[in-house]
Amino acid sequence: MISVWDYVISFLVGGIICFLGQILVIRTKITTARILVLFMVIGMVLEVFNVYAPFREFGKAGATVPIIGFGASLARGAIMATKEYGIIGIFTGGLTAASGGIAMAIFASFIFALIFSSKSKRGGH
Amino acid sequence: MDKQKRNENYNIYVESKVPKTKAWPSLFKAFLVGGIICAIGQGFFDLYSYLFPNLAESEVTTCMLMSIIFITCLLTGFGIYDVIGAWGGAGSVIPITGFSNSISSPAIEFKKEGIIYGICVKMFTIAGPVIVCGVVGSIVCGFVALFI
Amino acid sequence: MQTIKMKNNTYLLDGYSIVGPLEGKGPLKDYFDYILKDDTLKEKTFEKAERKLLENIVTGAIDKAGLKTSDIDFFFGGDLLNQIVSSSYTARELEIPFIGLYSACATMAESIGLAALFVDNGLAENALAATCTHFSSAERQYRFPLELGNQRAPTTQWTITGGGASVVSCLKSKVKIVAVTFGKVLDFGIMDVNNMGAAMAPAACDTIREHIKNMGRKTSDYDFIATGDLGKLGCEILFDLLEQDKIILGKNYQDCGCMMYNKTQRTFMGGSGAGCSASVFNGYILSKLKKGEFKRVLLVSTGALMSTTTNQQGDTIPSIAHAVEFEYVGAQNENNLAAAQKPKNENFSKNSLKNSKNATKNAKNRAKTKKGEKK
């Protein structure tokens, strides 16, 4: 099942998305929060126009790991749930689809915040 | 006004003075870091597909994302992820790991203000907009789906 | 007039500086009085650490000047944290009458200037001017959490960990405070908080121009002109701005922020923060002044007066610069001391003689113990 090609394509697709993001960072001095929001919205738009599914098929983890995949899964969840359950699905679908990631991020952050403290920095990079 | 013109001229002058850094090294670093993170994601994907063959592809993807989110929080706690971030730039922000880091870093930073007002309140100072826009956007998508 | 000349003799008795581990690896490491090994100072939070740092600086300066805490009439100080907590909490520990100041990174020159004016006008015998900054506490207040993996813009500066204190006194010493210029708040419409140097350069330019005009001097009359924390880019802009006014800065000009770090320390445009000019002045410049290697020095601390709120609301960055001029009067004082030692002049400044003697003794002892530590 495991093929080297999957890894190569994940690396390339993920890399190119980050490459585009870095162009944006250099050109516009965009902050972390804005990059995240922008790429998530791009993912949603791709999903709405049915472009994301073939892209994911092609890009493997290179398409799902970037925050684009997070946005797409939010949008897909809302669309699927709306089709299945009607109006209630509009509100429940998105977060249900993305719940795993958000819950893990909050839980892990909470636990590690109790354990670790921030450290002083020794110069930039 | 005179002052406004002076300020405009000064801004143009400063813009021309700002040293131009070479873009290629940072673009390459972003490509490399982003690519490696995605390849690691693919590794987890294959691992979980092998371990749990009964799961659907979307569930395996969720497991994979949760794993790298967990690892990122751990690396943030050890003070390693900000080094990766400073080196890789957008390469460490755009993958879901960047989202995870933006939640865990304020949580760790502000724990000194207490669990409720520190960790819980400040946890979303950076990632808050992502969740808000995500939820609002998904609802908009739902409405779109309703009418199409 | 913006520039106030000291009427009587006002001296800088002594100064004391402490810097953090990163700054302690920079090119000025031999000039600082103490270099921290651990920048948390064994405190639980970085805010508490900054407080402790300032406390150590203040007590260090009083000690080095050969005075007691009760000899200090007023404590002028400020820092970068909201509500200048570090200085206020330090003043709480010391129980010296406290005058809290805020001009961001220009606080050092402002506090020395005010202390000098108090002493000059006979309102105080000894006054203390102190300020400090801590990288980690400034970072979490002004920017992002420390552990966030983001890249810094190439025009950013590195808030230093460290600070300095000066004891201004009517007692004679080798360094005399000649004049003070308090700056105007200027705003040239810079919005980018990652480019403070560009925002502060016009203020520095204005203050330097006013000061040398009012004093009737040229830039070449100074052995050393130091700006606070303009950074590399800010310096270049300052050169250009002053050139428009036909004032040429020569090799005697340097920026404290640029002097703080080595090129290899990856701190972008250089150091910044209130502690930057404080530690470089009380460490490097003052030691050169005391030796007489610099005869006349102009310290121009620069500060950007914005807050995170105004910045988010789209306001531009106003900035300020204060200047203080110092003069080496060592030789002249030695003559005075010699005269004072003659039995005939018994009444002549007995106290001041005692004190300055004590001070030099203390400084010598300190130097000795330091050398011993190093060995």
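Predicted model, so just to flag it, every value in this text is computed and none were measured.

Undergrad: Explain the overall build of chain A to me, please; I cannot follow it from the model alone.
TA: Helices and strands together make up the secondary structure of chain A, namely six helices and zero strands. Walking chain A from its N terminus toward its C terminus, one meets helices and strands in the order α-α-α-α-α-α. Taking 14 Å as the expected radius of gyration for a compact globule of 125 residues, we find that chain A reaches 17 Å, considerably beyond that expectation. Counting only C-alpha atoms, chain A reaches 55 × 40 × 35 Å along its principal axes.

Undergrad: How should I be thinking about helix H3 (residues 57–77) of chain B in this particular structure?
TA: Since the α-helix advances by 3.6 residues per turn, residues separated by three or four positions end up pointing in the same direction. The first and last C-alpha atoms of H3 of chain B sit 31 Å apart over 21 residues, in line with the 30 Å expected at 1.5 Å per residue. Gly79 of chain B lies just past H3 of chain B and shows a positive phi near 75 degrees.

Undergrad: When you look at helix H3 (residues 107–120) of chain C in this model, what are you seeing that I'm missing?
TA: With 14 residues, H3 of chain C extends 19 Å from end C-alpha to end C-alpha; this agrees with the ideal 20 Å at 1.5 Å per step. Once H3 of chain C finishes, Gly122 of chain C follows within two positions and takes phi at roughly 75 degrees, a positive value.

Undergrad: Just to check I follow, could you spell out unusual backbone geometry for this structure?
TA: Glycine aside, the phi torsion of most residues is negative, and most peptide linkages are trans. All names here are of chain C. A positive phi angle, close to 60 degrees, is found at Glu95, a residue other than glycine. With respect to the helices and strands, Glu95 occurs in the loop between helix H2 (85–94) and strand S5 (98–100). The exposed category is assigned to Glu95, around which 10 C-beta atoms lie within 10 Å. Non-glycine residue Lys246 carries a positive phi angle of around 60 degrees. Here Lys246 shows up in the loop between helix H6 (231–244) and strand S11 (253–255). On the neighbour-count criterion, Lys246 (7 C-beta atoms within 10 Å) is exposed.

Undergrad: Could you clarify how one ought to interpret the interface of chain A and chain B in this entry?
TA: As a measure of interface size, the accessible area lost when the parts come together is often cited. Taken together, the contact between chain A and chain B spans 70 residues of the former and 69 residues of the latter. Per-class residue counts for the side of chain A that touches chain B are 45 nonpolar, 21 polar and four charged.

Undergrad: Looking at this structure, how should I read the packing of helix H5 (residues 196–215) of chain C against H6 of chain C?
TA: Each pair of packed helices can be summarised by the angle the axes make with each other and by the distance between the axes. Residues and elements named next belong to chain C. Look at H5 against H6: their axes get within 8 Å of each other, and the N-to-C directions meet at 40 degrees. As summarised for this structure, H5 and H6 are arranged oblique, according to the angle between their axes. Of the two elements, H5 crosses H6, and the hand of that crossing is right-handed. Judged by residue contacts, Gly197, Ala198, Met200, Ala201, Pro202, Ala204, Cys205, Ile208 and Arg209 of H5 engage Gly231, Leu233, Gly234, Ile237, Leu238, Leu241 and Leu242 from H6. Of the residues belonging to the contact of H5 with H6, the class tally is twelve nonpolar, three polar and one charged.

Undergrad: Quick question: what am I supposed to make of the pairing of strand S6 (residues 126–133) of chain C here?
TA: Side-chain direction in a regular strand flips from residue to residue, so the side chains alternate between the two faces of the sheet. Residue and element names in this part refer to chain C. Burial analysis of S6 places eight of its eight residues in the buried class, the great majority of the element. Covered by surrounding structure in S6 are Asn126, Leu128, Ala130 and Cys132 together with Ala127, Ala129, Thr131 and Thr133, the residues of both alternating faces. The sheet contact formed by strand S4 (residues 74–79) and S6 spans six bridges and is parallel. The partner of Phe75 across the bridge, within S6, is Leu128. Of the pairings in the sheet, the one linking S6 to strand S8 (residues 162–169) comprises eight bridges and is antiparallel in character. Directly across from Leu128, in S8, lies its bridge partner Val167.

Scoring rules and cut-offs
- Residues numbered from 1 in each chain as written.
- Chains lettered and ligands numbered in written order.
- Predicted model: local features only at pLDDT ≥ 70, side-chain atom pairs only at ≥ 80, totals over all residues.
- Helix = DSSP H or I, 4+ residues; strand = E, 2+ residues; numbered from the N terminus.
- Rg over C-alpha atoms; globule rule 2.2 N^0.38 Å.
- Expected span 1.5 Å × (residues − 1).
- Buried ≥ 20, exposed ≤ 12 C-beta atoms within 10 Å, placed from the backbone.
- Contact = placed C-beta atoms within 7 Å.
- Nonpolar A, V, L, I, M, F, W, Y, C, P; charged D, E, K, R; others polar.
- Axes fitted to C-alpha atoms, helices over the stretch in contact; angles between N-to-C directions.
- Parallel < 35°, antiparallel > 145°, perpendicular 65-115°, else oblique.
- Left-handed = near helix turned anticlockwise from the far one by under 90°.
- Pairing = 2+ DSSP bridges.

The quantities given are spatial measurements derived from coordinates; they are silent on function.
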